[in-house]
Amino acid sequence: MPILNGVNRREFLAGAARTAVAASFTLVQPHADLLLAAEKFFPDAVSHTFPKEFFWGIATAAYQIEGAWNEDGKGESIWDRFSHTVGRVKGAETGDIACDSYHRYKEDIDIAKKMNLKSYRFSVSWPRIQALGSGQPNPKGVDYYKRLTDTLLEAKIRPLVTLYHWDLPQALEEAGGWPNRDLAARFSEYAEIMGRALGDRISNWCIFNEPWVFTALGYSSGVHAPGRTNFTDFMKASHVVNIAQGQAFRALKAINSKFTVGTAFSVAHCQPATSSDADRQAADRAHALGNVWFLHPALKGEYPAAFVGANPLERMGVRPDDMKLIRAPLDFLGLNYYRRQLVSAMAPGEGESSTGVHNFDAHEGPLTDFAWEVWPDGFYELLMRLTREYNKPVMEITENGCSYLDGPDERDRVADKRRITFLRGYLGAMARAMKEGADIRGYHCWSLLDNFEWAEGYTQRFGLTYVDFRTQKRTLKDSGKWYANLASTGALT
């Protein structure tokens, strides 16, 4: 989910219509202050009608919403262990209950149906399928995802499943985790299990969610599970994940060649801090490592040039025929976009990563309640760059959203005006990119529900639906009503 979760890349690199909106969904009228903000900061917030076949969707993740962390044969994940460790998560919070969606999935899918959505992105919890990360699948775990998928299909919502959204079985971490080359084979086995179990229901698959984030923040900076702080571990993990991505792609295609298979990559617009050649080159290296380190090898069979005067392949444990294993002609690129990064060159040899870059968050535009900059132009620039560099690939926006802490008023209404303004701007930027040739087939807002936000616990709210975590009551926010209207009409006005 949201990239970096409070840790910027500098810290790491340096250390259509279908139906009318339901009667209860009152359309939110724009306010003058929002229109002024849109004029100043959202130049792309223009009218646009999207294709009828466009997939308006929502995104979720197993550990962030399911709860039921030790029910029905589920094993311990690295996020169970991490969140249960004192000092790892704000407020000592855990995902033990989260949104209780394991028991309330029908209620949550009903919200998505009433929002006129066409696509629901969810993830499978690997330890719910294989408690120890290997062996025969857990029937109760498989049955849960079959029931969830069947409920989506009954609601006429496309299921888009992510096989891995960060919750590695703890037993596999104790065997070495993602830096351990054997894990690629274990993951391929798991992918095959899910392909055979759900392949009669699901045609659209994301292999990984944000591989850069779970390898870098999990193994180098240590702010995410499993909490390691070793740059070499990150480098080795990134290579094993790339092998696993290629092998899982082939495993799924062997089950059904008509499966549509991609990965959800975390991406940011890497903008040079100045017009100097050094900063432009540094921004290209930041793009190589932060955006396409897991994309370029799959499509091109080689690692992009992200390092200065250093060949990282030996450090990564690359073997002679590995690039053949890594190649995977992904059917689509899933893109998770949240913000832009300013990049400047650092002195030669500064920083363990040898990338020679300083990355830092831009703060020129308005800030969300997570202190992330709102700057839709960066979204447009990133979409166009990938369109140019990879010959107009098919893309889906698998995540985009913002954290604002608005809560219910005395009438139980959540008037989150800023989120509506955010969505108008970013969807306008996406529409502009589509007009200029970007092949974007769907958009998934993060997220359906306020949920467990990793190391941030429950301090951030990205949902279109407000969740009272004491009672589990769901309240659709004004932004959810606005998004429902957009999904119904396909018209950004």
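Residues numbered from 1 in each chain as written. Predicted model: local features only at pLDDT ≥ 70, side-chain atom pairs only at ≥ 80, totals over all residues. Heavy atoms only, no water.

**Remarks on the side chain of N209**
Threshold: Put simply, DSSP marks the helices as runs of H or I at least four residues long and the strands as runs of E at least two long, and each gets a number from the N terminus on. Think of a polar contact as two N or O atoms within 3.5 Å of one another; within protein, one of them needs to be a possible hydrogen donor and the other a possible acceptor, and neighboring residues in sequence only count if both atoms come from side chains.
Within the secondary structure, N209 sits in strand β5 (residues 204-209). Here the side chain of N209 touches R121 through a polar contact of 2.7 Å, side chain to side chain.

**A short note on the pattern of salt bridges**
Test applied: When a carboxyl oxygen of Asp or Glu is within 4 Å of a side-chain nitrogen of Lys or Arg, the pair counts as a salt bridge.
The tally for this structure, following the rule as stated, stands at 38 salt bridges. The partner of R339 in a salt bridge is D361, and the shortest N-O contact between them spans 2.5 Å. Placement of the pair is R339 in strand β7 (residues 332-345) and D361 in strand β8 (residues 357-361), with a sequence separation of 22 residues. Here R385 makes a salt bridge to E389, at a shortest N to O gap of 2.7 Å. Of this pair, R385 and E389 both sit in helix α16 (residues 376-389), four residues apart, roughly one helical turn. Overlapping salt bridges bring together E76, R81 and E174 as one network.

**Looking at helix α9 (residues 183-198)**
Put simply, the rule is: To estimate how far a helix should reach, multiply one less than its number of residues by 1.5 Å. For each residue, the accessible area found with a 1.4 Å probe, counting protein chains only, is set against the maximum for its type, and the residue is called buried under 20%, exposed over 50%, and partly exposed in between. For this analysis, residues touch if any pair of their heavy atoms sits within 4.5 Å.
In this model, α9 (16 residues) spans 22 Å end to end at C-alpha, consistent with the 22 Å of a helix rising 1.5 Å per residue. Within α9, the full set of buried residues consists of L183, A184, F187, S188, Y190, A191, I193, M194, G195, A197 and L198. Buried residues along α9 sit in contact with α6 (126-129), α7 (139-154), β4 (158-164), α8 (170-174), β5 and α11 (231-255).

**Some details on the confidence of the model for the protein chain**
Detail in the predicted coordinates should be disregarded across regions flagged by low pLDDT. As a reminder, the rule being used: As a per-residue measure, pLDDT tells how confident the predictor is, with possible values from 0 to 100.
Considering every residue of the protein chain, the mean pLDDT works out to 92; 89% of them sit at 70 or more. Confidence over residues 3-39 falls short of pLDDT 50; this stretch has 89 contacts with residues more than four positions distant or in other chains.

**Some points on α16**
Each full turn of the α-helix corresponds to 3.6 residues, which orients residues three or four apart in the same direction. Its 14 residues place the ends of α16 20 Å apart at the C-alpha level, agreeing with the 20 Å of an ideal helix rising 1.5 Å per residue. Most of α16 sits inside the fold, with 10 of its 14 residues counted as buried. Within α16, burial applies to P376, G378, F379, Y380, L382, L383, M384, R385, L386 and T387. Residue N391 follows α16 closely and has a positive phi angle near 60°.

**Quick notes on the side chain of T60**
If you trace the backbone, T60 turns up in the loop between β2 (55-59) and α3 (62-65). Apart from the residues within four sequence positions on either side, T60 is in contact with I65, Y120, R121, F122, S123, H165, W446, S447 and L448.

**Regarding the pairing of β2**
Note the threshold: Two strands form a pair only when DSSP identifies at least two bridges running between them.
In terms of burial, β2 is largely enclosed, as four of its five residues are buried. In terms of strand pairing, β2 meets strand β10 (residues 439-446) through five bridges, oriented parallel. Each residue of the ladder has a partner; that of W56, found in β10, is Y443. Where β2 and strand β3 (residues 119-123) come together, three bridges link them in parallel fashion. Across the sheet, the residue bridging to I58 is Y120, located in β3.

**A look at the nonpolar core**
Applicable threshold: Residues belong to a common nonpolar core when they are buried Ala, Val, Leu, Ile, Met, Phe, Trp, Tyr or Cys residues joined through side-chain atoms within 4.5 Å.
Ranked by size, the top nonpolar core spans 133 residues in total, and within it W79, W178, F187, W205, M430, Y443 and Y483 carry the most contacts. In terms of residue count, the dominant contributor to this core is α11 (11 residues). What Y483 contacts, discounting residues up to four positions off in sequence, is W56, G57, I58, M115, L117, Y443, C445 and L464. Counting seven residues, the second largest nonpolar core, distinct from the first, contains A59, A61, Y338 and W446.

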